[in-house]
Protein chains: 4
Amino acid sequence: MSDRIRVGIAGASGYAGGELLRLLMGHPEVEVVHLSAQSHAGERLSSVFPHLPDWGILEKTENVISWDDLDVLFCALPAGESSRIVKQLAKPRPMIIDLGPDYRFKDPEEFRRIYRMDHGDPESLSESTYGLVEWNRTEIRKSRVIGSPGCFPTGALLAILPFAKEGIMGEGPVIVDGKSGVSGAGRGLSLETHFPEIAEGMKAYKPLVHRHAPEMERAIATLSEQKNEIVFVPHLIPVNRGLISTVYLPAQSGVSLSVIEEVLTGYAKNNGFVRVLDRIPNSSEVRGTNRIDLHATVGKGMIVVMTAIDNLVKGAAGQGVQAMNLMMGIGEDTGLPKWSNYP
Amino acid sequence: MSDRIRVGIAGASGYAGGELLRLLMGHPEVEVVHLSAQSHAGERLSSVFPHLPDWGILEKTENVISWDDLDVLFCALPAGESSRIVKQLAKPRPMIIDLGPDYRFKDPEEFRRIYRMDHGDPESLSESTYGLVEWNRTEIRKSRVIGSPGCFPTGALLAILPFAKEGIMGEGPVIVDGKSGVSGAGRGLSLETHFPEIAEGMKAYKPLVHRHAPEMERAIATLSEQKNEIVFVPHLIPVNRGLISTVYLPAQSGVSLSVIEEVLTGYAKNNGFVRVLDRIPNSSEVRGTNRIDLHATVGKGMIVVMTAIDNLVKGAAGQGVQAMNLMMGIGEDTGLPKWSNYP
Amino acid sequence: MSDRIRVGIAGASGYAGGELLRLLMGHPEVEVVHLSAQSHAGERLSSVFPHLPDWGILEKTENVISWDDLDVLFCALPAGESSRIVKQLAKPRPMIIDLGPDYRFKDPEEFRRIYRMDHGDPESLSESTYGLVEWNRTEIRKSRVIGSPGCFPTGALLAILPFAKEGIMGEGPVIVDGKSGVSGAGRGLSLETHFPEIAEGMKAYKPLVHRHAPEMERAIATLSEQKNEIVFVPHLIPVNRGLISTVYLPAQSGVSLSVIEEVLTGYAKNNGFVRVLDRIPNSSEVRGTNRIDLHATVGKGMIVVMTAIDNLVKGAAGQGVQAMNLMMGIGEDTGLPKWSNYP
Amino acid sequence: MSDRIRVGIAGASGYAGGELLRLLMGHPEVEVVHLSAQSHAGERLSSVFPHLPDWGILEKTENVISWDDLDVLFCALPAGESSRIVKQLAKPRPMIIDLGPDYRFKDPEEFRRIYRMDHGDPESLSESTYGLVEWNRTEIRKSRVIGSPGCFPTGALLAILPFAKEGIMGEGPVIVDGKSGVSGAGRGLSLETHFPEIAEGMKAYKPLVHRHAPEMERAIATLSEQKNEIVFVPHLIPVNRGLISTVYLPAQSGVSLSVIEEVLTGYAKNNGFVRVLDRIPNSSEVRGTNRIDLHATVGKGMIVVMTAIDNLVKGAAGQGVQAMNLMMGIGEDTGLPKWSNYP
């Protein structure tokens, strides 16, 4: 037991935190030693998350700065919160895996422009790494601070990058039409996510102004040589979990279906959690897993890529654990479900 | 009573047929005198549709050709069926309002190319009219044969045409990302629409190859001067009713939000069922009504228009009744709900 | 217009208030002249209820006491609120139809025991009437203060009373197992009704201690000669609307199915909103209507009665309007939908 | 690998079969060596169940009789099918775990009366055992043929038996009001389980005449000394998975809450998959797990017990695997999830 990776979670009472707990409590190399929450501080885990075994009492998030016995600290906090806390940690700090946006941008000015607040820990940004595992393994292995990607960027970038890297993507805007289940809006109460207001409904939100668009643009520029603009419209769909993305890429002229299939075959071969399908992905088939299912077609000058992920697993907690596995030098898929229950 | 419009429905046991019945049974100027079905022929209406009052026995669809006492025949039948039947009607025929695709194209070759079958009544095509009321009132008033638009074309064309007509739409493909509730797939059984297979799931279907794309292209060319290609991907969403469309239009350079708002204000003023919102449309707000809710924004060279309709009302039965009202010279909104229950 | 019934609603921004508005705005004899809300006071109706037409500004609920131009005041307020307000109205007061519990009990002590608060207007209780129309028409016609029944009591009492009145119900407890859609929990935010917490879940709540049990017991004792105890367990089900009740009545020995059918046939004949089915009621078939669908069977010494209502219509707003129609001497079903959309 | 338990599944393409596969493919002591299906015979597993890894081709169910290399044969077949097949197996037969009803009754006459068909393998009934693990461990360990309980009996019996065994249950009928998700109705198509027909609806079915009532009565008589009649009404609820039971037991006079809690504390201590809660069970908290969550209260002469299970796990596949573990002498909880994802 003493050789296990000692892990803490700051912000354990939200949905991403709960999913981290499910994964980390079942992870064979991990021991969960600290948990914090804000409004739920002082409560037992089993009352905060009725689907989990009893574990003990959640501490206040302010306590995180006194946790000096951790190998890894996961943060599942609102924008601006994790950098504020990380900055106060005594050195040597544990490895940081932040599911929020604080460490996704190298440039504090870029963060400020997008999130309209000062960055709380600008010095650490130079050593931070964007945690999109499938496209950044080498950097992640060497890093000690991970900015784990947002759920929509995960679903979209894993659709865009194989084509961007192979140079068969043309110029012009990439349109990302995303559809997310309601757990993606978090556990905080709002009229918008009150059951009767969204059940049997569906709608777009924040068209063209969602903060995940500049995150995608930054990642494409960093991880490939492309510089396409992203036109992004997310939608809220009345399911619990699941995120599908329909991505419309300008195609280089002459790109055929067989070229696309060749690109995707190599892609899946090198990435255990990428499954390329000859049919359309359905979000219910990836529920509870760290997989991304993917299908693409081409026509009218466009490559259309459709992906499905579980927004709380591959789109949040699972991707963070996948990065941790790399950083700790253990099997990338350790403790990560690839298959789940259906229906 | 004897002055009422005498109406029959061929294909009354599907969801569009059931919605036609709800509307026509409550329509102050209409008397429903004949109903037909195929597998449900011989059953009482109240056993086929438990939400409707008892009316009597459904006849076989073959009987339609002997119905000689109708003013209007609505058809809610699979592709190819209504034209086969209409051709056999004795003349003078009743007015025809076909909710299926048979009379949506003037050119029988175009129909054959898209639906991969010969047209059953090519002679009538020359006198047929596309029933998109908001953009075709003059023609519909004079017509006796209406090809009522499909649900996806309705949601998309009502988003595209105001900008196409005003000449502020640029060149290049228009991307239509549609999301439909499951009633849009009809009442026929399939594994895909078996509750556990689609509840808590979502997925695209027929990307780039859905038959509603050429219908949209034809309508844009006919009803405006534009000739943009349509890149269309529909999605299946686990709600009963509702269809939202997110339409990405190339913008002429310099098009601002105020130009867009000016276009839309005029649009709503002239069309009682068009409601322009300063927030995002939600499909649950139009459920049961003949309204289309619409919002638009602009950025990154694109006008993004979001619309919400009830796929069975504005997307099918309601639009058909709206056309009938025009053809019969009565108030366009007679018998058509503009508001409904919520949540 | 000046001859219309002038109506106000105190508490117009909740779900019952919104449904009242839908019904009253479409009611041919009614003019809605005042609306109040608490946290939404000062907002336009169209922003509070996006499915309704624009009407104007909601006043503060405190204003109700200055509304002196009403024929009828509907209250859709939490327990204790409506009596507090009604007491302050200048006399002659308008007719009061309270959808909350304040006027459901004649004895202020009984109210205090159940709701754990003093009654705000005990003097009016002697003239108040329980608004269960099907079983109390004579009294309602003469009354000026109506305590409209709760949603669960409506579904259960309309199942129990036909058998209680005919004397074929035996002694012993009546078990009422109720299942309600989430709109029954109101529009106020709570973790329990946050979409991801209840979608794909179901559970009982307040077993044996829900306040609707003593309301049912009081109504049975008042409206029949029976005195059975009620064992009541409500359940929360992830649908928007709908309330089904499965009621287990002890049967007098020898009660056969044909006796039951005879009782029910007479029941439906005298009550236009009661539909007796030879199959099981489904809540989706009554959605949006003021109907109650009912089916019963017998065996093992028990009569099992199953009913379905729309909790916001027959279970709240519709039943209130039905009582108003009686009080105003107009047709009982005026302005009340009997059929609705499906699915 | 060669020491693993060699398992086959007859009827692997339904929902219970799919859940068996999920559990058995992840079971550390099991190797899945044969799978059969009927209409899906000849297809690859990955096309039949898109959430599972590729495994190979499903054989025809008739082939089962040639499978002579199995340690355990699971059957997930309609009534009458498994006994017909088991009878034809060469001896020594593998252990049989039948998720269907064929081996739930010792008396072939009782089976015939309930299922209205002759039993296909009456000789084996004498050695068959009812697989309700928590109440039948000793017998199951010695048995080679298991009739695994139905989903509703599992949820109800685990609520009733602790009180029946302790002698604090009075005489008179036990009322079982069950609510099941739609996966409980199987993967076969029907209008009743077509998405739009059941989404946003709820209803009872087969009140008093469902075949699970005599199964419950038989089990109570066999596993305790009580002989209460069961009044059973199941309901269909629009969720995928989950089954809650509200059970109304006549209480011996003087039974208090503390007596009930004492009974339940001992119960949970001896049964790792039984969790006793001080709040109401919600089906979403047990989804994907083999747990049963339970809460009880008392009043008005009745003990009300509320349970929640996953109908496909504890109510079918998981319970079968739990029995297999006992029969093979390995840890009862091997390969069985106790916790799962939420929401």
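Residues numbered from 1 in each chain as written. Chains lettered and ligands numbered in written order. Predicted model: local features only at pLDDT ≥ 70, side-chain atom pairs only at ≥ 80, totals over all residues. Heavy atoms only, no water.

Q: Explain the overall build of chain A to me, and be specific about the residues and the numbers.
A: Secondary structure assignment for chain A yields 10 helices and 14 strands. Relative to the compact-globule value of 20 Å for 343 residues, chain A shows a C-alpha radius of gyration of 19 Å, a close match. Seen through its C-alpha atoms, chain A measures out along the principal axes to roughly 60 × 45 × 40 Å. In chain A, the proportion of contacts linking residues at least 24 apart, taken out of those at least 6 apart, comes to 68%. Separation between the mean location of the 35 positive side-chain charges and that of the 41 negative ones in chain A comes to 1 Å. (Helix = DSSP H or I, 4+ residues; strand = E, 2+ residues; numbered from the N terminus. Rg over C-alpha atoms; globule rule 2.2 N^0.38 Å. Contact = heavy atoms within 4.5 Å. Lys, Arg positive; Asp, Glu negative; His and termini not counted. Charge placed at Lys NZ, Arg CZ, Asp CG, Glu CD.)

Q: Outline the interface of chain A and chain B, supporting the account with residue identities and numerical values.
A: Facing 49 residues of chain A, the contacting portion of chain B comprises 49 residues. Taken as a group, Glu200, Met202 and Lys300 of chain A account for 21% of the area that chain A buries against chain B, more than any other trio of residues on that side. The tally of links between chain A and chain B comes to 4 salt bridges. Linking chain A with chain B are 22 residue pairs in polar contact (both at pLDDT 80 or more). Listed by contribution, the elements that provide at least two residues to the side of chain A that touches chain B are strand S8 (174-180), helix H7 (195-198), strand S9 (203-204), helix H8 (212-223), strand S10 (230-236), strand S11 (243-250), strand S13 (292-299) and strand S14 (302-309) of chain A. Tallying contributions element by element places S8 of chain A first for the side of chain A that touches chain B, with 5 residues. Split into classes, the residues belonging to the side of chain A that touches chain B amount to 27 nonpolar, 12 polar and 10 charged. (Buried area = accessible area lost by both parts, 1.4 Å probe. Salt bridge = Lys/Arg side-chain N within 4 Å of Asp/Glu carboxyl O. Polar contact = N/O pair within 3.5 Å; in protein donor to acceptor, adjacent residues only side chain to side chain. Nonpolar A, V, L, I, M, F, W, Y, C, P; charged D, E, K, R; others polar.)

Q: I'd love a proper account of the interface of chain C and chain A, names of residues and values included.
A: Of the residues lining the interface, 20 residues belong to chain C; the matching set on chain A comes to 20 residues. Our count for the chain C to chain A interface comes out at 2 salt bridges. Arginine 187 of chain A is the salt-bridge partner of glutamate 197 of chain C, the closest N and O atoms lying 2.9 Å from each other. Where chain C packs against chain A, one counts 12 residue pairs in polar contact (both at pLDDT 80 or more). Among the residues forming the side of chain C that touches chain A, the class breakdown is 10 nonpolar, 7 polar and 3 charged.

Q: I'd like to hear about the sheet that holds strand S1 (residues 5-10) of chain C, residue by residue, with values.
A: All names here are of chain C. Read across the sheet, 7 strands follow the order S3-S2-S1-S4-S5-S7-S6 without closing on themselves; strand pairing throughout is parallel. Pairing within the sheet leaves two strands with one partner each, and these edge strands are strand S3 (59-60) and strand S6 (128-130). On the sheet, helix H5 (residues 133-142) packs against S6 and strand S7 (145-147) and is oriented at approximately 165° with respect to S6. (Pairing = 2+ DSSP bridges. Axes fitted to C-alpha atoms, helices over the stretch in contact; angles between N-to-C directions.)

Q: Describe the side chain of aspartate 121 of chain B, naming the residues involved and giving the relevant values.
A: All names here are of chain B. The topology assignment puts aspartate 121 in the loop between helix H4 (108-115) and strand S6 (128-130). Among the polar contacts made by the side chain of aspartate 121, one reaches the side chain of tyrosine 103 at a distance of 2.6 Å. Once residues lying within four places of it in the same chain are set aside, the contact partners of aspartate 121 are Ser83, Val86, Lys87, Arg93 and Tyr103.

Q: I'd like a rundown of the relation of the copies chain C and chain A, residues and numbers included.
A: For the pair chain C and chain A, the superposition axis carries a translation of 0.0 Å, the fit reaches an RMSD of 0.0 Å, and the rotation angle comes to 180°. Overall, the copies show the geometry of a two-fold rotation axis. Here 100% of the contact residues of chain C are again contact residues in chain A; the copies associate through an equivalent surface. (Least-squares fit on C-alpha atoms with pLDDT ≥ 70 in both.)

Q: Before we move on, can you summarise the nonpolar core with the specific residues and values?
A: With 51 residues, the main nonpolar core has Ile160 and Phe163 of chain C as its most contacted residues. It is helix H6 (residues 151-165) of chain C that contributes the most residues to this core, 10 residues altogether. (Core = buried A, V, L, I, M, F, W, Y, C linked by side-chain atoms within 4.5 Å. Buried < 20%, exposed > 50% of the residue type's maximum accessible area, 1.4 Å probe, protein only.)

Q: Please give an account of helix H6 (residues 151-165) of chain D that cites residues and values.
A: All names here are of chain D. With 15 residues, H6 extends 21 Å between its outermost C-alpha atoms, agreeing within 8% with the 21 Å of an ideal straight helix rising 1.5 Å per residue. Leucine 157 marks where H6 bends most, by close to 35°. Of the residues one or two after H6, glycine 167 is the one with positive phi, at around 70°. (Expected span 1.5 Å × (residues − 1). Bend = angle between axes of the 7 residues up to and from the residue.)

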